[in-house]
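Letter by letter, the chains look like this.
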Amino acid sequence: MRFSIDSLLVGLVGFVIASCGVALADETCESPYSLKIQGNEEFVYVWTVGEEGVGDGSDKLVTVDVRPGSKTYGQAIHQEPVGGRHEAHHGGFTDDRRHLWLAGLDTSHIFIFDVATNPAKPKLVKTITDFVAASGGVVGPHGLYALPGRMMIAALSNNKDHGGRTAMVEYNNEGSYIATHWMPTADDPMGVENAAFADGFGYDLRALPRRNVMLTSSFTGWSNYMMDFGQVVQDPNAMKAFGQTMVLWDLHTKKPKKVFQVPGAPLEIRFAWGEDHNYAFSAATLTSKLWLVYEDEKGVWQAKEVGDIGDPAKSPVPVAMSISSDDKYLFVTTFADGTCRVYDVTDPFKPKQVHEKVIGKQLNMVSQSWDGKRVYFTSSVLSNWDKKGADNEQYLKAYKWDGRQLVADFNLDFTEAKLGRPHLMRFGSATLYN
């Protein structure tokens, strides 16, 4: 019998999860290859978009204290600017969790922070500025996902036409380029099934190592995501330039296998955690539909629309999601109406909405603790897409989840604190390195 290092590491992670039970309190969206926080998260790291005239105006990593009983609970206790505005967006930890990689969609710079030496005060230790040149023209690093000793980076665009054709780019943990894996297109199908639907777009990536699969989703290119949102929706050509697919990959070979037609720009991907739960959810932002990608009884992967998110006719614009560690609940946030909807997904083919909560006038990311007791939200989608005037609320909000409803905990106003526009959240802990 042959064992890969990937399957061995996933097995060890599974053993830790099974052994520790609710002692683990990490984010449920993290890579299964990453080390897990044991006990309550102590810090929330917020990757923040710089705003002209607000504080120093720079993109920055903001550390928020969430240690129970702390005198500074719910407050920003540290900020690490990166210099300039790069459209701070997404990122992820390395597998050893000693470094946090964060990316800028506009400049395609990648910023690597040391979070292990002093978890309360992460330090910028390296900036990758040649991502476009090294990758062969890939633009807009977006989803940064840990593999054993490596980071896989899903991007959004390219430097030829700034459209949606893009690739995944592989680096080692030291920050050196390894390989570029272009998305299949109808003209360059790479042997995939359903090649006629392949559009070459990218956005998120997630893996299910025990089934040797990786899944990618699709959004839009630089020309759209750096344009003012009002202009995008009024431009027929711009509205046509959104992804309509998800792609299934062989995780080990990094070869695309099958294209799924998923209209309306499917964004985040969340695989279930159960050992026999071979499925993932995604949400199409333009159609407000919930999708399930699953392995059927014959071992064939399929994609199926399984429900509405709010009232699609009102375009709530789903942007982020989080699945609970027991695979029972799916939290979905919608930007336009600032709402989080919670679905019972015990039967993944028949999601049932069980709770709804307006979080703010606009809403973006959601991060949930592994024990299911705490849920955090941020507000900013993109600097040119956020709402204007009084509706431009910028915050980190924390809630308690008791299995029935979200109960407010704290609200950190990033505009009032002159920090900028909060986008991505990741959890930190000092005890992890002791």
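Quick caveat, the model's predicted, so the values are computed rather than measured.

## What to know about the overall build of the protein
Right, so step 1: From N to C terminus, the protein includes five helices and 28 strands.
Right, so step 2: For the protein, the C-alpha radius of gyration of 20 Å lies close to 22 Å, the compact-globule estimate for 434 residues.
Right, so step 3: Here the C-alpha coordinates of the protein stretch approximately 55 × 50 × 45 Å along the principal axes.
Right, so step 4: Looking at the protein as a whole, 59% of its 434 residues are labelled buried.
Right, so step 5: Within the protein, contacts between residues separated by at least 24 positions form 54% of all contacts whose residues are at least 6 apart in sequence.
Right, so step 6: A total of about 16600 Å² of accessible surface is found on the protein, and carbon and sulfur atoms cover 51% of it.
Right, so step 7: Positive and negative charge centroids in the protein, built from 43 and 52 side chains respectively, lie 2 Å apart.

## Some remarks on unusual backbone geometry
A negative phi angle characterises most non-glycine residues, just as the trans form characterises most peptide bonds.
Right, so step 1: In the Ramachandran plot, R97 falls in the positive-phi region, its phi being about 60 degrees despite a non-glycine side chain.
Right, so step 2: In this fold, R97 is placed in the loop between β4 (88-93) and β5 (99-104).
Right, so step 3: In the Ramachandran plot, K418 falls in the positive-phi region, its phi being about 60 degrees despite a non-glycine side chain.
Right, so step 4: Tracing the sequence through the fold places K418 in the loop between β27 (406-413) and β28 (421-428).

## Points about the layout of surface pockets
Right, so step 1: Its boundaries defined by the atoms lining it, the second largest pocket holds a volume of some 320 Å³.
Right, so step 2: Every residue lining the second largest pocket is counted, 20 residues in all, and those nearest its centre are F219, T285, V317, V319 and W385.
Right, so step 3: Looking at the lining of the second largest pocket, the elements with two or more residues in it are β4 and α4 (229-234).
Right, so step 4: For the lining of the second largest pocket, the class distribution of residues is 14 nonpolar, six polar and no charged.

## Comments concerning the packing of aromatic side chains
Right, so step 1: Under the counting rule described, the total for this entry stands at 18 aromatic pairs.
Right, so step 2: On the basis of an interplanar angle of 80 degrees and a centroid distance of 5.4 Å, the ring pair of Y329 and W401 is categorised as edge-to-face. Of the two residues, Y329 sits in strand β21 (residues 329-334) while W401 sits in strand β26 (residues 395-401), which places them 72 residues apart along the sequence.
Right, so step 3: The exposure class assigned to Y329 is buried, which follows from its relative accessible area of 13%.
Right, so step 4: Taking 5.4 Å as the distance between ring centres and 70 degrees as the angle between the ring planes, the aromatic pair formed by Y376 and F427 counts as edge-to-face. Of the two residues, Y376 is situated in strand β25 (residues 374-378) and F427 in strand β28; the sequence distance between them amounts to 51 residues. Considered together, Y376 and F427 belong to a single accessibility category, that of buried residues.
Right, so step 5: Aromatic ring contacts, followed pair by pair, group Y203, F219, F229, F242 and W385 into a single cluster.
Right, so step 6: The positively charged end of K387 is found above the aromatic ring belonging to F335, 5.8 Å away from the centroid.
Right, so step 7: Taking the ring centre of Y395 as reference, the NZ or CZ of K397 above it sits at 4.5 Å.

Basis of the calculations
Residues numbered from 1 in each chain as written. Predicted model: local features only at pLDDT ≥ 70, side-chain atom pairs only at ≥ 80, totals over all residues. Heavy atoms only, no water. Helix = DSSP H or I, 4+ residues; strand = E, 2+ residues; numbered from the N terminus. Rg over C-alpha atoms; globule rule 2.2 N^0.38 Å. Buried < 20%, exposed > 50% of the residue type's maximum accessible area, 1.4 Å probe, protein only. Contact = heavy atoms within 4.5 Å. Areas by Shrake-Rupley, 256 points an atom, 1.4 Å probe, with all protein chains shown as cover. Lys, Arg positive; Asp, Glu negative; His and termini not counted. Charge placed at Lys NZ, Arg CZ, Asp CG, Glu CD. 1 Å grid on protein atoms, 1.4 Å probe; cavity = no way out; pocket = protein on both sides within 12 Å on 5 of 7 lines; lining within 4 Å. Points joined across faces, edges and corners; volume = space filled by probe spheres on them. Nonpolar A, V, L, I, M, F, W, Y, C, P; charged D, E, K, R; others polar. Phe/Tyr/Trp six-rings, centres within 6.5 Å; stacked < 30°, edge-to-face > 60°. Lys NZ or Arg CZ within 6 Å of the ring centre and 35° of its normal.

Such coordinate-based values are descriptive only and should not be taken to indicate function.
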